[in-house]
Amino acid sequence: MESENRDYKYFMQDAGNVYLGGKLSYAEILRDEMVNFKYKSIVEHYIFKDTDPETTLESHLYYIAKEQFSYRTYEQLKAKVKVNMLEEKKTLLGKKKTGYVTKLMPLAELAEMNLAQKKAKGVVIQELALSKLALMAFSV
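Note that the coordinates shown come from a computational prediction; the quantities given were computed from them, not determined experimentally. (Residues numbered from 1 in each chain as written. Predicted model: local features only at pLDDT ≥ 70, side-chain atom pairs only at ≥ 80, totals over all residues. Heavy atoms only, no water.)

Enquirer: Residues and numbers for the sheet that holds strand S3 (residues 80–90), please.
Expert: Backbone-to-backbone hydrogen bonds pair the strands of a sheet. The strands run either parallel or antiparallel. Reading across from one edge, S1-S2-S5-S3-S4 is the order of the 5 strands in this open sheet, with antiparallel pairing throughout. Looking along the sheet, the strands with just one partner apiece sit at the ends: strand S1 (11–13) and strand S4 (96–106). The sheet shows a mean angle of 30° between the axes of neighbouring strands, taken without regard to direction. Relative to S4, S3 runs antiparallel, the two sharing 11 bridges. Directly across from Met-85, in S4, lies its bridge partner Val-101. (Pairing = 2+ DSSP bridges. Helix = DSSP H or I, 4+ residues; strand = E, 2+ residues; numbered from the N terminus. Axes fitted to C-alpha atoms, helices over the stretch in contact; angles between N-to-C directions.)

Here it is as structure tokens:
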């Protein structure tokens, strides 16, 4: 089981964003020397107000509600979530086919879906993406 999760436990960054794998727990994020200090500080000071350190990003983001302080924190960080979900598509012959698609959606869009909608669409959280500019501008 642990070897399966290893592919989804990562920290990466490019010129504009920071990416964290959905299977990482907040405790693992704090222990990872690759994760930048600012994000770790935000986790300790703001995310932990309503989230347990052993919670994974996948679980936290799946159940996040707009009323939570951590939601408002992630909104300030311009958070986007990469998800897999079932969607109906039309084939070339005009028939409808249901299959999984990968989408990068704003956290607000994910939080607007209720639990029944998430279950019906088979939502699977893959990754959290944060804007480096928003991270830089965030005051701890």
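Enquirer: A description of helix H3 (residues 37–45) should follow, citing residues and the corresponding values.
Expert: Along H3, the residues classified as buried are Tyr-39, Lys-40, Ser-41, Ile-42 and Val-43. Contacts from the buried residues of H3 go to strand S2 (17–21), helix H2 (26–31), helix H4 (57–63), helix H5 (69–76), strand S5 (124–131) and helix H8 (132–137). (Buried < 20%, exposed > 50% of the residue type's maximum accessible area, 1.4 Å probe, protein only. Contact = heavy atoms within 4.5 Å.)

Enquirer: Break down H5 for me, with residues and values.
Expert: Among the residues of H5, those classed as buried are Ser-70, Tyr-71, Thr-73 and Tyr-74. Down the axis of H5, the buried side of the element spans an arc of 160°, and every buried residue falls inside it. Positive backbone phi, approximately 55°, marks Lys-78, located one or two places after H5. (Arc of directions from axis to C-beta.)

Enquirer: Could you give an account of the packing of aromatic side chains, with specific residues and numbers?
Expert: Scanning all chains against the criterion turns up 4 aromatic pairs. Summarising the aromatic geometry, the rings of Tyr-26 and Phe-48 are spaced 6.3 Å apart at their centres and angled 85° between planes, so their arrangement reads as edge-to-face. Taken as a pair, Tyr-26 in helix H2 and Phe-48 in the loop between H3 and H4 lie far apart in primary sequence, 22 residues in all. With a relative accessible area of 23%, Phe-48 lands in the partly exposed category. (Phe/Tyr/Trp six-rings, centres within 6.5 Å; stacked < 30°, edge-to-face > 60°.)

Enquirer: Could you give an account of the environment of Met-136, naming the residues involved and the relevant values?
Expert: Mapped onto the elements of the fold, Met-136 is located in helix H8. For Met-136, a relative accessible area of 62% gives the class exposed. It is 8.1 Å that separates the C-alpha atoms of Met-136 and Lys-38, two residues lying 98 residues apart in sequence.

Enquirer: Residue-level account of the side chain of Asn-84, with values.
Expert: Tracing the chain through its elements places Asn-84 in strand S3. When its relative accessible area of 19% is taken as the criterion, Asn-84 is described as buried. At 2.6 Å, the side chain of Asn-84 forms a polar contact with the side chain of Thr-102. Among all residues touching Asn-84, those that are not within four sequence positions of it are Tyr-100, Val-101, Thr-102, Gly-122, Val-123, Val-124 and Gln-126. (Polar contact = N/O pair within 3.5 Å; in protein donor to acceptor, adjacent residues only side chain to side chain.)

Enquirer: Run through the nonpolar core, naming residues and quoting values.
Expert: Counting residues in hydrophobic clusters, the biggest one holds 36 residues, and the most contacted among them are Leu-20, Tyr-39, Leu-57, Tyr-74 and Leu-110. It is helix H6 (residues 107–112) that contributes the most residues to this core, 4 residues altogether. Each residue touching Tyr-74, except ones within four places of it in the same chain, is listed here: Tyr-26, Tyr-39, Ile-47, Leu-57, His-60, Leu-61, Ile-64, Ala-79, Leu-107, Leu-128 and Leu-130. (Core = buried A, V, L, I, M, F, W, Y, C linked by side-chain atoms within 4.5 Å.)

Enquirer: Before we move on, could you go through the pairing of S3 and cite the residues and values that matter?
Expert: Sheet analysis places S3 next to S5, joined by 5 bridges and oriented antiparallel. Residue pairing in the sheet places Val-81 in a bridge with Leu-128 of S5.

Enquirer: Would you mind going over the environment of Lys-119 in detail, with residue names and values included?
Expert: If you trace the backbone, Lys-119 turns up in helix H7 (residues 115–120). Taking the relative accessible area as the measure of exposure, Lys-119 reaches 57% and is therefore exposed. Remark: the alpha-carbon pair of Lys-119 and Met-85, spanning 34 residues in sequence, is separated by 9.4 Å.

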